[in-house]
Amino acid sequence: MHTQSDESLYHLMRSGDEQALETLYDKYERLLFSFAHRFTNNDRLSEEVIQEVWMKIWNGRVDFDTQKGKFSSWILTITRNAALDCLRREKRQPTIEVEERDGGYDEPVERTVMQRETAAEVRGAVSELKPEQQELIKLVYFQGMTQQQISEQLDLPLGTVKTRIRSAIQALRKRMDGRERDGRTLS
């Protein structure tokens, strides 16, 4: 069942197939929780939002239309709306800026969420590096400095800078790979 498209799993689920629901849930659980948490900044509320989203889908209170976009964008839109509804009930404000949209759903929502989550994962992995490795990664990737500029700023030979950057990138890659194995990334 894992090789079926989200759309076909959705239609199977709508006809009462609990295995299709479970497959979709397993695929989207972390993404939806993370997305809801960006609005609520609260684990309990995020879990409530996710439960509400899946109940709406299972009970047919919301319908997916392939003409409007991808399943993943649709379910993120439902999650966004459910998170905002939850915050209104709790009389809280969203923890992120919310753009008002029309009733459609589109891929930029999904892409934006994935980019933000990936950036957060990278920042988290960078923070686990040794301080000197963090500094090099920040100078190269976040400040856009060349290796020559870093060499001059840190008063180090260019070869040393290149070696240390390569070492920092390898350490970062190991951290990111470890996060994927631990199930901490969204992809």
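Look above for the structure.
Residues numbered from 1 in each chain as written. Predicted model: local features only at pLDDT ≥ 70, side-chain atom pairs only at ≥ 80, totals over all residues. Heavy atoms only, no water.

A. Just the overall build of the protein chain, in detail. Each helix and strand in the protein chain was counted, giving 8 helices and 0 strands. Considering the protein chain as a whole, with its 187 residues, one finds that 39% of them fall into the buried category. A fraction of 62% describes how many contacts in the protein chain between residues 6 or more apart in sequence connect residues 24 or more apart. When the accessible surface of the protein chain is totalled, it reaches about 11200 Å², and 45% of it is carbon and sulfur. (Helix = DSSP H or I, 4+ residues; strand = E, 2+ residues; numbered from the N terminus. Buried < 20%, exposed > 50% of the residue type's maximum accessible area, 1.4 Å probe, protein only. Contact = heavy atoms within 4.5 Å. Areas by Shrake-Rupley, 256 points an atom, 1.4 Å probe, with all protein chains shown as cover.)

B. Representation of helix 1 (residues 6-14) within the structure. Of the residues making up helix 1, those classed as buried are D6, L9, Y10 and M13. Relative to the axis of helix 1, the buried residues are bounded by an arc of 105° and lie together on one face. Residues of helix 1 that are buried sit in contact with helix 2 (18-40), helix 3 (43-58) and helix 4 (71-89). Downstream of helix 1 by a residue or two, G16 has a phi angle that is positive, lying close to 100°. (Arc of directions from axis to C-beta.)

C. Looking closely at the packing of helix 3 against helix 4. For the pair helix 3 and helix 4, the least separation of the axes is 9 Å and the interaxial angle reads 125°. One finds that helix 3 runs oblique with respect to helix 4. Helix-helix and strand crossings are classified by hand; for helix 3 and helix 4 the assignment is right-handed. Residues L45, E48, V49, I50, E52, V53, W54, K56 and I57 of helix 3 pack against W74, I75, I78, T79, A82, A83, D85, C86, L87 and R89 of helix 4. Across the contact of helix 3 with helix 4, the residue classes break down as 13 nonpolar, 1 polar and 5 charged. (Axes fitted to C-alpha atoms, helices over the stretch in contact; angles between N-to-C directions. Parallel < 35°, antiparallel > 145°, perpendicular 65-115°, else oblique. Left-handed = near helix turned anticlockwise from the far one by under 90°. Nonpolar A, V, L, I, M, F, W, Y, C, P; charged D, E, K, R; others polar.)

D. Summary view of the packing of aromatic side chains. Summed over all chains, the structure comprises 9 aromatic pairs. A centroid spacing of 6.0 Å and a plane angle of 50° characterise the contact between Y10 and F71, whose relative ring orientation is tilted. With a gap of 61 residues between them, Y10 in helix 1 and F71 in helix 4 connect regions that are remote in the sequence. The same class applies to Y10 and to F71, which are both buried. Relative to W74, the ring of Y10 lies with its centre 5.4 Å away and its plane at 75°, an arrangement referred to as edge-to-face. Separated by 64 residues along the polypeptide, Y10 in helix 1 and W74 in helix 4 bring together distant segments of the chain. A relative accessible area of 2% places Y10 in the buried class. Classification of W74 as buried rests on a relative accessible area of 3%. (Phe/Tyr/Trp six-rings, centres within 6.5 Å; stacked < 30°, edge-to-face > 60°.)

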